[in-house]
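Structural overview for review
Each chain is listed here by its residues.
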Amino acid sequence: MRIPCPYCGERDRREFTVLGDADPVRPNGMDADAGAMFEYVYPRTNAAGPAREFWYHGSGCHAWLVVERDTRTHAINKVISARQAALSREQGGA
Amino acid sequence: MSYRLPSGGRIDRSRSLQFKFDGRSYRGFQGDTLASALLANGVQLVGRSFKYHRPRGILSAGSEEPNALVELRSGARREPNTRATTVELYDGLEAASQNRWPSLRFDLLSLTAPLSPFMGAGFYYKTFMWPAAFWEKLYEPLIRRAAGLGCAAGLPDPDHYEKAFLYSDVLVIGAGPAGLAAALAAGRSGARVVLCDESFEFGGRLLSERREIDGAPADAWLAAVKAELASMPEVRLMPRTTVFGVYDGGTYGALERVADHLPEPPPHQPRQRYWQIIAKRAVLASGAIERPIVFGGNDRPGVMLAGAVRTYINRFGVVPGRQCVVVTTGDDGWRTAYDLQSAGANVAIVDARKSVGPALLAKADKAGIRVLLGAQAKAVHGRMLVAGLDVVLESGATEYLPCDLVAMSNGWNPAIHLTTHLGGKPAWDAARFAFLPPQALPPGLSVVGAASGEYGLARGLEQGGAAGASAAQDCGFDAVPLPQMRAEDDGRDASPVWMPVTSKKAFVDFQNDVTASDVQLAHREGFCAVEHLKRYTTLGMATDQGKTSNVAGHAMMAALCGVDIARAGTTVFRPPYTPVAIGALAGHHRGKDFRPYRLTPSHDFAREQGAVFVETGLWLRAQYFPQAGDRDWLDAVVREVNAVRSSVGVCDVSTLGKIDIQGADAAEFLNRVYINGWTNLAVGKARYGLMLREDGFVMDDGTTARLGETHFVMTTTTANAVRVMQHLEFCHQVLWPSLDVRMVSVTEQWAQYSIAGPRARDVLRGVVDPQYDLSNEAFPYLASGAVTVGGGIAARLFRISFSGELAYELAVPASYGNAAIRAIMEAGKPYGIRPYGTEALGVMRIEKGHVAGNELNGQTTARDLGLGKMMSGKKDYIGRVMAARPALLDTSRPRFVGFRPVNTADRLRAGSHFVSAGKPATAENDEGFMTSVAYSPTLQHWVGLGLLRNGPERVGEVIRCVDPLRGEAMDVEVCSPVFVDPKEERLRV
């Protein structure tokens, strides 16, 4: 599998480390409750099909990426910077 | 007796080569394969079959060969199961037949042949059932001896192998006419083209046939195309290279046989090179593989594929027989008959079809070839070599045809293997009687020529040229299809016959000895699904992956079940297309180079001191420094610990992870990743920090120093350095992207040394430049800051201690590491300084009750480790919420305490388990386990750390410590984990 890193271009997947589902959002702050944190830490859909995943370009630019791919075919639809995605979410949500 | 034609073929008759087969000397020519050279010398019998030890000859002329498997070379270079049909002949080649004893002609195990009616499909499963205990001791060794192929050398491979990456626009797989046309069309556009072919000569079937292109012999076209391709700077020609697998993202695995055609690889050359080719587009032109016909004795030496016979005649100038019968179910076999006749052999044609085209008949008539239509081969006569063939005529009568060669053709299977590697299902084409590439091809791949089921030469050239141009266009090049070429289209379609007309052994899968009756048995016993058929009979499970057998087996089963083969389905192919040596996949990653290893900047110093090294992660760290007269490693460790506790020692701690963290929000960032607070840490101070995973369990620990208002340097454990860096990046980039903080790993930029012991300050005084005040008042415990050493070299000093002694860690730029440790040793000479290794480091941390990797095992919480009071209640941090789950607050969880043996002569064992006094040592009474133990030179007995239910509340209790693996048990007293200097009087002086 090859992943087009937005900073480095298309690279072999062995340069990357996968973390998993990119959809859960961490409930930050002192008022985060155990229920919300449980939802963030444990349940995963493990989809057979389109999935959004965190990948880390550890042997490259050290950027965390959100990779949209099909887990059945490994076809990659879109790759964006996870930081950019998080910043837009912060701005959108704030 | 030579079977070589006086002229013709693509061999170089001026270069005669000597070779040996089973100890006998023969001669062949440059350009021969081992198989063609053996056939030229009249050697048909080359091996024994896998299960029945039947004599076997050469079936094919390519990589699909299931019979002619030999041991190539000798000694450490011996390679078993090498296909004689793909081995390029070289001077001095040595090969031997395999799976026979004592000799190929007289094989004792072939005496099992009379038993073979009892050795059908499922034989092993049914026969060797009882008693079960006999399987491992008796049956399996017997079967392994009897069945099987060649023997591996059993010696280390003296050659080396390489891995390499290759990037291209267009990869063309197969250099037959369609592949050459594709490469040419793509190459002319300037695209980066890679053209691979498994053979040592480009041309594919053109080498095997006598064809014309644009009115001239195809040879002329071939030579012109090869010359043009060779002249193109962006085209890379890779003969002897098999593309064996298709992977995601346009990645193709290929094996280049760099030196297999030579006795030994030339100096500095690998034997083979494993390529990972990344191509934007690929054109598959892998051709087709001919199908055998299933008749009695179709495996006897002298029965060959008809297309292979043409290859031997036209490419190698060898006629494998003098009296030949061509058994065919389509027009293609007739071409073999014509070529045999032209080469001087006597030929008869047996065609299962009742009528054929008039042109075929006219040509046969003109050549004087006897034709039997509506006739089928029944059974071969002869054992070591074909002597004749029984043919069932259209009338139903049987006629015996004496012959020494049977050439068979049952149509062709497109070589679609690579098209199914990503999961595509082959599509049955009833008109062609063949499986074609799936509708859903691997992305970027197109299939042309015979591989796509288009057998005609003109059609293949046209398709190849168009696909090559289109692939190059997709990569942004201005490509045009090749001008149309004129060539005769050779119909290769057949009306295949699947069922044998005999009860004699008729083989479907030659390599695994699967017969028609095995398929029939599988059907009777209900193993009708192709996947069941495969596993029950082992059809297609040999190293040839059923290239010549699968379709016949599946068609036979479909017929028995009365269903269409399209419904019966087929198994899909997986990489590799042909076997790949493990050595090639490993490349240079063997022995001590299996993984890379990392050396610290002062590795040479440690080596000079005679250090014994231990692998920690990828690092090699000094474990201890033995000296002459030591009884064992413990003597060295005791000496090193005593040096530190009584005077001073130095330890290389460069392997600790070091992360430089800067930014206005750096302190806030640390607040969020560590459980303890950081905002109040003064510049010039260091603090111990503990971080959790989000699920509330401990992840890592270390010391972090504040070098400036917005500048911190964090240390991590050696083992977790990479993981922590990744975690911090995640926290910053994903969780809190607005924080103004940046970080970088500086592990390799700084060499770091721990100088520990009562005389540590005195030693340091001789290393750090004099303007720095190192007094306890000016640089107290947990002070940190920039200093210079050696007259102005920038360094960092941290007063932190793992040993519990007065201790400093001095960091210098990595390039000064080797000099720094020598300077420290020099300065420490008056105090008897000793270098100490990771063992002494570990002993002293256990004596001090510091947690390390054994305790940070992924199952412990901060509270378990007695570090709960570090957990800040004033801020959010990773793992805070989950760590507060009720079950994790339960004080009856195994928690961190120390242990001392009641009998001080007892040796404690890490991994031993605790049970309360008086309770039996059973799993339900298990109360925890010992995580770390050490012999304490300071206390002069063993001490241990461990996790015990309600541990801290049980200090003073005597419990049992059991080690069922070693059969040991002893009484231990629960105690504080801090064995040495609990009041920290030695630390702060």
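Structural notes, computed from the coordinates. (Residues numbered from 1 in each chain as written. Chains lettered and ligands numbered in written order. Predicted model: local features only at pLDDT ≥ 70, side-chain atom pairs only at ≥ 80, totals over all residues. Heavy atoms only, no water.)

1. Here's the deal with the sheet that holds strand β31 (residues 598–599) of chain B
Residue and element names in this part refer to chain B. Spatial ordering of the open sheet is given by β31-β33-β32, a layout of three strands whose pairing is mixed. Sheet topology places β31 and β32 (612–616) at the edges, where each strand pairs with a single neighbour. Sheet topology places β31 next to strand β33 (residues 619–624); two bridges connect them, and they run parallel. Pairing of leucine 599 across the sheet is with leucine 620, part of β33. Along the sheet, helix α21 (residues 838–848) contacts β32 and β33; its crossing angle with β33, the most-contacted strand, is approximately 70°. (Pairing = 2+ DSSP bridges. Helix = DSSP H or I, 4+ residues; strand = E, 2+ residues; numbered from the N terminus. Contact = heavy atoms within 4.5 Å. Axes fitted to C-alpha atoms, helices over the stretch in contact; angles between N-to-C directions.)

2. What to know about the sheet that holds strand β18 (residues 323–328) of chain B
Residues and elements named next belong to chain B. If you trace the five strands from one edge of the open sheet to the other, you get β17-β24-β18-β19-β20, paired in parallel fashion. With partners counted over all chains shown, the strands left at the sheet margins are β17 (303–305) and β20 (370–373), one partner each. Neighbour-to-neighbour, the strand axes of this sheet turn through a mean angle of 20°, independent of strand direction. Here six bridges tie β18 to strand β19 (residues 346–351), and the two strands are oriented parallel to one another.

3. Section: the packing of aromatic side chains
Residues and elements named next belong to chain B. All told, the structure shown has 16 aromatic pairs over all chains when counted by the stated rule. A centroid spacing of 6.2 Å and a plane angle of 80° characterise the contact between phenylalanine 669 and tryptophan 736, whose relative ring orientation is edge-to-face. Here phenylalanine 669, found in helix α17 (residues 666–673), pairs with tryptophan 736, found in the loop between α18 (721–735) and β39 (742–745); they are 67 residues apart in sequence, far enough to count as distant. In this pair, the class of phenylalanine 669 matches that of tryptophan 736, namely buried. With centroids separated by 6.1 Å and ring planes inclined at 65°, the aromatic side chains of tyrosine 935 and tryptophan 942 adopt a geometry described as edge-to-face. Among the residues examined, tryptophan 942 registers a relative accessible area of 10% and is labelled buried. The ring of tyrosine 3 has arginine 322 sitting right over it, with the charged end atom 4.3 Å from the ring centre. Sitting over the ring of tyrosine 52, lysine 505 keeps its end group 4.4 Å from the ring centre. (Phe/Tyr/Trp six-rings, centres within 6.5 Å; stacked < 30°, edge-to-face > 60°. Buried < 20%, exposed > 50% of the residue type's maximum accessible area, 1.4 Å probe, protein only. Lys NZ or Arg CZ within 6 Å of the ring centre and 35° of its normal.)

4. Thoughts on α18 of chain B
Residues that lie three or four places apart on an α-helix share one face, since the helix turns once every 3.6 residues. In this model α18 of chain B runs 20 Å from its N-terminal to its C-terminal C-alpha over 15 residues, within 8% of the 21 Å that 1.5 Å per residue would give. Counted residue by residue, α18 of chain B has 13 buried out of 15 residues, so it is predominantly covered. (Expected span 1.5 Å × (residues − 1).)

5. A short note on the state of the cysteines
All names here are of chain B. One pass over the full model with this rule turns up zero disulfides over all chains. Its sulfur unpaired, cysteine 196 is 16 Å from the next cysteine sulfur, which belongs to cysteine 475. Here cysteine 975 is not disulfide-linked; the sulfur of cysteine 961 is the nearest cysteine sulfur, at 12 Å. (Disulfide = S-S within 2.5 Å.)

6. Some thoughts on the nonpolar core
If you look at soluble globular proteins, the nonpolar side chains tend to sit buried side by side. All names here are of chain B. The biggest cluster of nonpolar side chains holds 77 residues, and the ones touching the most others in it are Leu34, Leu340 and Leu389. Of all the elements, helix α1 (residues 34–40) adds the most residues to this core, at six residues. If sequence neighbours within four positions are ignored, leucine 389 has contacts with Phe295, Val325, Val327, Ala377, Ala379, Val380, Glu399, Tyr400, Leu401, Cys403 and Val406. (Core = buried A, V, L, I, M, F, W, Y, C linked by side-chain atoms within 4.5 Å.)

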